[in-house]
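Architecture and fold: a report
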Amino acid sequence: MTVAENLAHIRSRIDAAARAADRDPATVRLLPVSKTKPTSAILEAVDAGLTRFGENRVQEALAKWQELAPEHPQVEWAIIGHLQTNKARDVARFATEFQALDSLHLARELDKRLHQEGRRLDVLVEVNTSGEPQKSGIEPGEALSFARELAAFDALHVTGLMTVAVNSPDADQVGACFDLLRGVQERLRQEASQVSSWDDLSMGMSGDFELAIAHGATTVRVGQAIFGAREYPTS
Ligand SMILES: *Cc1c(COP(=O)(O)O)cnc(C)c1O
């Protein structure tokens, strides 16, 4: 299967999942995740009409940006993985979106570096909805106080929330993670509306995006189902 064929298939599954949930398919954004894949695969997806790509490692994303930007200036990058503060400067240079904000220290550093670059960044707060210690993200109970602090950073355009659900064959357990994120969203809409309208809910990957759409996802992050299996695992 080519990237274009995979994409058409994923799009039709997204549309079907949205309709089954009585939702307009246009309210679900597909973010293709190109981590570990070569720029040749990204260009196949560009030819099929995609322009923004998710990567979880900054160094890899930066290298791909440097390679593609001269001839494909329309290509945009979303960093979806945990970020060390010392990489904030790189992200501020080239990323359009960052989905894994999980500390005020990082928010402050990103804001500072973005001001230096004269840029802004779309930001999603990552919430740990599975309770697994190896997962990043803030605790659901910390979300409101964390969210309110973000008003201080005017180069950060806060658009919503992101989570990685528990990796389990049990749809109830996975769905509980998605519902928890949605509950946090409702609370923030009521009590932190000065910071953001919190519209974007980024949840669901190759293995669980249809379930995520049923639970209200507005962004699904799909890698392997578009680009094929990864040769080595990345978290
Ligand atoms: C890798 C990754 C994805 C995509 O996973 P697939 O199983 O390839 O669809 C989504 N979200 C995050 C945060 C990732 O690191």
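Relevant structure appears above.
This section reports on the structure supplied with the text. (Residues numbered from 1 in each chain as written. Predicted model: local features only at pLDDT ≥ 70, side-chain atom pairs only at ≥ 80, totals over all residues. Heavy atoms only, no water.)

So, the environment of Val220
Note the threshold: Each helix corresponds to a stretch of at least 4 residues labelled H or I by DSSP, and each strand to a stretch of at least 2 residues labelled E; elements are numbered beginning at the N terminus. Buried, partly exposed and exposed residues are distinguished by accessible area as a fraction of the type maximum, computed with a 1.4 Å probe on protein chains only: under 20%, between the cut-offs, and over 50%, respectively. Note on contacts: a residue pair is in contact if any heavy atoms of the two residues lie within 4.5 Å.
Position of Val220 among the secondary structure elements: in strand β8 (residues 219-222). Residue Val220 is classed as buried on the basis of its relative accessible area of 0%. Distance in space between the C-alpha atoms of Val220 and Val28 is 7.3 Å, their sequence separation being 192 residues. Residue contacts for Val220: discarding those within four places in its chain leaves Ile14, Val28, Arg29, Leu30, Leu31, Met203, Gly204, Phe209 and Ile213.

Notes on the pairing of strand β4 (residues 97-101)
Spelled out, the test is: At least two DSSP bridges between two strands are required for those strands to pair. Crossovers are described as right-handed under a simple rule: with the strands pointing away from the observer, the path leading from the first strand over the helix to the second runs clockwise.
With 5 of 5 residues buried, β4 is to be regarded as a mostly interior element. Relative to β4, strand β3 (residues 76-79) runs parallel, the two sharing 2 bridges. Residue pairing in the sheet places Ala78 in a bridge with Glu97 of β4. Taken together, β3, helix α4 (residues 88-94) and β4 form a β-α-β motif whose crossover is right-handed. Across 3 bridges, β4 lies against strand β5 (residues 121-126) in parallel orientation. Its bridge partner lying in β5, Phe98 is registered against Val123.

Observations regarding the site of the ligand
In plain terms, the rule: Each residue is tested against the molecule or strand, and it is near if at least one of its non-hydrogen atoms lies within 4 Å. Counted as a polar contact is a pair of N or O atoms within 3.5 Å, where, for protein atoms, one must be capable of donating a hydrogen and the other of accepting one, and residues adjacent in sequence contribute only when both atoms are in side chains. Using a 1.4 Å probe, the Shrake-Rupley method yields the accessible areas, and only the shown protein chains count as cover for residues.
Around the ligand, the structure places 12 residues, and the nearest of them are Lys35, Ser206, Arg221, Gln224 and Arg230. In the model, an oxygen atom of the ligand is placed 2.5 Å from a nitrogen or oxygen of the Ser206 side chain. Contacts to the ligand include Arg230, whose side-chain N or O atom sits 2.7 Å from an oxygen atom. Considering the ligand on its own, with 390 Å² of exposed area, one finds that the protein chains cover 92% of that surface.

Looking at the packing of aromatic side chains
We apply this condition: For Phe, Tyr and Trp, rings pair up if their centres lie within 6.5 Å, where Trp contributes its six-membered ring, and each pair is then called stacked (planes under 30 degrees apart), edge-to-face (over 60) or tilted (otherwise).
In the structure shown here, the tally under the stated rule is 2 aromatic pairs. For the ring pair Trp65 and Phe94, a centre distance of 5.3 Å and an interplane angle of 20° mean the geometry is stacked. Of this pair, Trp65 sits in helix α3 (residues 58-68) while Phe94 sits in helix α4, placing them 29 residues apart in sequence. With relative accessibility at 21%, the residue Trp65 sits in the partly exposed group. For Phe94, a relative accessible area of 4% gives the class buried.

What to know about the packing of helix α2 (residues 39-47) against α3
This is how it is decided: Think of each axis as a best-fit line through the C-alpha atoms, taken over the contacting stretch in the case of a helix, with angles from 0 to 180 degrees between the N-to-C directions. Here a crossing is taken to be left-handed if its near helix is turned anticlockwise relative to the far helix by less than a right angle, and right-handed if that turn runs clockwise. In this count, Pro and Cys sit with the nonpolar residues alongside Ala, Val, Leu, Ile, Met, Phe, Trp and Tyr, while Asp, Glu, Lys and Arg are called charged and the others, Gly among them, polar.
In the contact formed by α2 and α3, the axes pass within 11 Å of each other and the chain directions differ by 60°. Between α2 and α3 lies a crossing of right-handed hand. Residues Thr39, Ile42 and Leu43 of α2 pack against Lys64, Glu67 and Leu68 of α3. By residue class, the composition of the contact of α2 with α3 is 3 nonpolar, 1 polar and 2 charged.

What to know about α3
The set of residues buried in α3 consists of Val58, Glu60, Ala61, Leu62, Lys64 and Leu68. As for α3, its buried residues are in contact with α2, β2 (52-55), β3 and α4.

A few points about the pairing of strand β6 (residues 156-162)
Counting buried positions over the 7 residues of β6 gives 6, a clear majority of the element. One ladder, built from 6 bridges, connects β5 with β6; its direction is parallel. Counted as the bridge partner of Asp122 is His157 from β6. A crossover links β5 with its parallel partner β6, the connecting element being helix α6 (residues 143-149), and its sense is right-handed. Across 3 bridges, β6 lies against strand β7 (residues 200-202) in parallel orientation. Within the sheet, the bridge partner assigned to Leu161 lies in β7 and is Leu201. A crossover connection joins β6 to the parallel β7 through helix α7 (residues 171-191); in handedness this β-α-β unit is right-handed.

Looking at the side chain of Arg221
Quick reminder of the rule: The sign given to each residue is positive for Lys and Arg and negative for Asp and Glu; His and the chain ends receive no count. Definition used for salt bridges: Asp or Glu carboxyl oxygen within 4 Å of a side-chain nitrogen of Lys or Arg.
Residue placement: Arg221 occurs in strand β8. For the buried residue Arg221, which engages in no salt bridge, the nearest side chain bearing the opposite charge is Asp208, 6.7 Å off. Of note is the side chain of Arg221, whose polar atom sits 2.9 Å from the side chain of Ser202. Sequence-distant contacts of Arg221, defined by excluding residues within four places in its chain, comprise Leu31, Val33, Ile80, Gln99, Met162, Thr163, Val164, Ser202, Met203, Gly204, Met205 and Ser206.

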